[in-house]
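Observations on the model geometry
What follows is the residue order along each chain.
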There are 2 protein chains.
Amino acid sequence: MTAVVALGGNALMRPGERGTAAEQRANLRRACEALRPLLNDGELVVTHGNGPQVGNELLRHERAAEEAPPLPLYLAVAQTQAEIGALVESELEPVAGRPVACLLTHVLVAEDDPAFEKPTKPVGPFYDEAKARELERERGWQVVHDAGRGWRRVVPSPQPLEVVELEAIRALIAAGTIVVACGGGGIPAMRRGIRLAGLDAVIDKDRASSLLARELGADRLVILTEVDAVFRRFGTDKQEELRELSGDEAEALLPELAAGSMRPKVEASVEFARATGHAALITSPAALGEAIEGRAGTRIG
Amino acid sequence: MTAVVALGGNALMRPGERGTAAEQRANLRRACEALRPLLNDGELVVTHGNGPQVGNELLRHERAAEEAPPLPLYLAVAQTQAEIGALVESELEPVAGRPVACLLTHVLVAEDDPAFEKPTKPVGPFYDEAKARELERERGWQVVHDAGRGWRRVVPSPQPLEVVELEAIRALIAAGTIVVACGGGGIPAMRRGIRLAGLDAVIDKDRASSLLARELGADRLVILTEVDAVFRRFGTDKQEELRELSGDEAEALLPELAAGSMRPKVEASVEFARATGHAALITSPAALGEAIEGRAGTRIG
């Protein structure tokens, strides 16, 4: 039995927090404790988001730009894999009672992915228009205006196609190691000839987690988020918690789900369920124990 | 046959460079090409320094400190493992023709290591005295004055005792993967109860590489640096290139070697040779091919 569990943003940072190491560690302590019901059951691979962390890191790159060269976005993603991976390792190992290791992970995308035609994902700090135009000229960035908040870089968010380090992840799992992989959706990359080339893009971490789970032939994909389950008519007084959805039912629900939030989680779950015949589970860390027993969360497929 | 090869600073950054990703990649391309003679011979583990990279990263943390919380030094070390590991992976894989993977690596040190009594290793940017005193008060740093250049943080450089992720590294090697590990000497850590705790310290990368080579039972430790070999009376008109040294001869030479430079390399080599009965090799990337055949470099033990 192998499970892939994707930690959402709230496992690392809560509203009002800035993302200090101490804050992230305290949040991870709770989140890792919540993983206990998954730990008796077999092998585990942990993935995680990196939104606020990569935002902080890009800001650091910019603010020091005159003294230390800013690194490309794909290396900032790599940096957050290490930052978060080190914290997960510290907090998960005592709960799991077995070794946890973090593997730097690249994820391949297609050169002709339509996302490259139309970058939509805002990353990094806000700028005034003059600075934004300068970055556009000097670094080839695409920038967009965000009403009231200023200008911001946008990057493509292509579909993940292949986890480069898959065999290494398999080898670690086989050795009884809990692997932290695909952090932040993985370092976006393409093959240029025989060379792996990082790309200035970001990959949705739920999609990447689903891809990894499918490639590993995992028995279970668990996507942890703020809410206990998927809801129909979420946020209205008629909201309805959904306990079980077939792939088709989940797909029919997609248009009403929030685009950058619950929708990719349900899409990723449907992809996993269809490819493997196993169910995916969407729930919160707090409800995970109940969800595994079918009394909470949303089971898809 | 397993070799551990430690890449020196010049494999990543050359004099006058600032450490852009493009510069580091171009340098690594040359360095990885130079590793070819080691690649036909069996398994390979690559370690590397991170001096300028962690300096840049700490500077980024400081310059953005009002907007994004500075991370502790041990996480900055982790970040450089990912930055450099991603670049090594891209450049080494095409030369090696087999998978390369970077594993986040912690290295345990002793709580009572005398280095904690007397931090000596300067890290990060220079400050004026007022700012330095503020950091001393607010973050508990130790700072020292460096004549003519300002104030700077100093941290301990304790002895590495154990590579935490050793079994994971073994599993990756057994799977035919070239492993990038112990970057920057590893993330310094202690066990606090059952929990791994990162420490604000730095570990000498040659010592950590020697420890890793010993723990793996490697057949060969190769330390790559700027010069082709160890010299007696280096920099004088009587300098003498040393082709072979016994452990005792190498030890007798230590006092005349540069403390932060050739001395730890020779010490690390002696430790490896004495523990394993195998020789260590100190040479430059350019001379490596000749050195393996005994026509260049310094063989110790």
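Scroll up to find the structure this text is about.
First things first, this report covers the structure right here in the doc.

Time to look at the pairing of strand β2 (residues 43–48) of chain A. All names here are of chain A. Here β2 lies mainly inside the structure; five of its six residues are buried. Where strand β1 (residues 2–7) and β2 come together, six bridges link them in parallel fashion. Each bridged residue has a counterpart across the sheet, and for Leu7 the counterpart in β2 is His48. In this structure, β2 lies alongside strand β9 (residues 178–180), joined through two bridges in parallel fashion.

This part takes up the packing of helix α1 (residues 21–34) of chain B against helix α4 (residues 73–96) of chain B. All names here are of chain B. Where α1 meets α4, the closest approach of the two axes is 9 Å, and the angle between their N-to-C directions is 40°. One finds that α1 runs oblique with respect to α4. When you trace α1 past α4, the crossing you get is right-handed. Listed contacts from α4 to Ala21, Gln24, Arg25, Leu28, Arg29, Cys32 and Glu33 of α1 are Glu83, Ile84, Leu87, Val88, Ser90, Glu91, Leu92 and Val95. Classifying every residue of the contact of α1 with α4 gives eight nonpolar, two polar and five charged.

On to unusual backbone geometry, then. All names here are of chain A. Look at Cys182: it is not a glycine, yet its phi comes out positive at around 55°. With respect to the helices, strands and loops of the structure, Cys182 is situated in the loop between β9 and β10 (187–192). Judged by its relative accessible area of 0%, Cys182 is buried.

Take the packing of helix α4 (residues 73–96) of chain A against α4(B) next. Running from amino to carboxyl end, α4(A) crosses α4(B) at an angle of 135°, the nearest separation of the two axes being 8 Å. The orientation of α4(A) with respect to α4(B), classified from their angle, is oblique. Seen from above, α4(A) lies across α4(B) with right-handed handedness. Judged by residue contacts, A:Tyr74, A:Leu75, A:Ala78, A:Gln79, A:Ala82, A:Glu83, A:Ala86 and A:Leu87 of α4(A) engage B:Tyr74, B:Leu75, B:Ala78, B:Gln79, B:Ala82, B:Glu83, B:Ala86 and B:Leu87 from α4(B). A per-class count over the contact of α4(A) with α4(B) returns twelve nonpolar, two polar and two charged.

Reading guide: rules and limits
- Residues numbered from 1 in each chain as written.
- Chains lettered and ligands numbered in written order.
- Predicted model: local features only at pLDDT ≥ 70, side-chain atom pairs only at ≥ 80, totals over all residues.
- Heavy atoms only, no water.
- Buried < 20%, exposed > 50% of the residue type's maximum accessible area, 1.4 Å probe, protein only.
- Helix = DSSP H or I, 4+ residues; strand = E, 2+ residues; numbered from the N terminus.
- Pairing = 2+ DSSP bridges.
- Axes fitted to C-alpha atoms, helices over the stretch in contact; angles between N-to-C directions.
- Parallel < 35°, antiparallel > 145°, perpendicular 65-115°, else oblique.
- Left-handed = near helix turned anticlockwise from the far one by under 90°.
- Contact = heavy atoms within 4.5 Å.
- Nonpolar A, V, L, I, M, F, W, Y, C, P; charged D, E, K, R; others polar.

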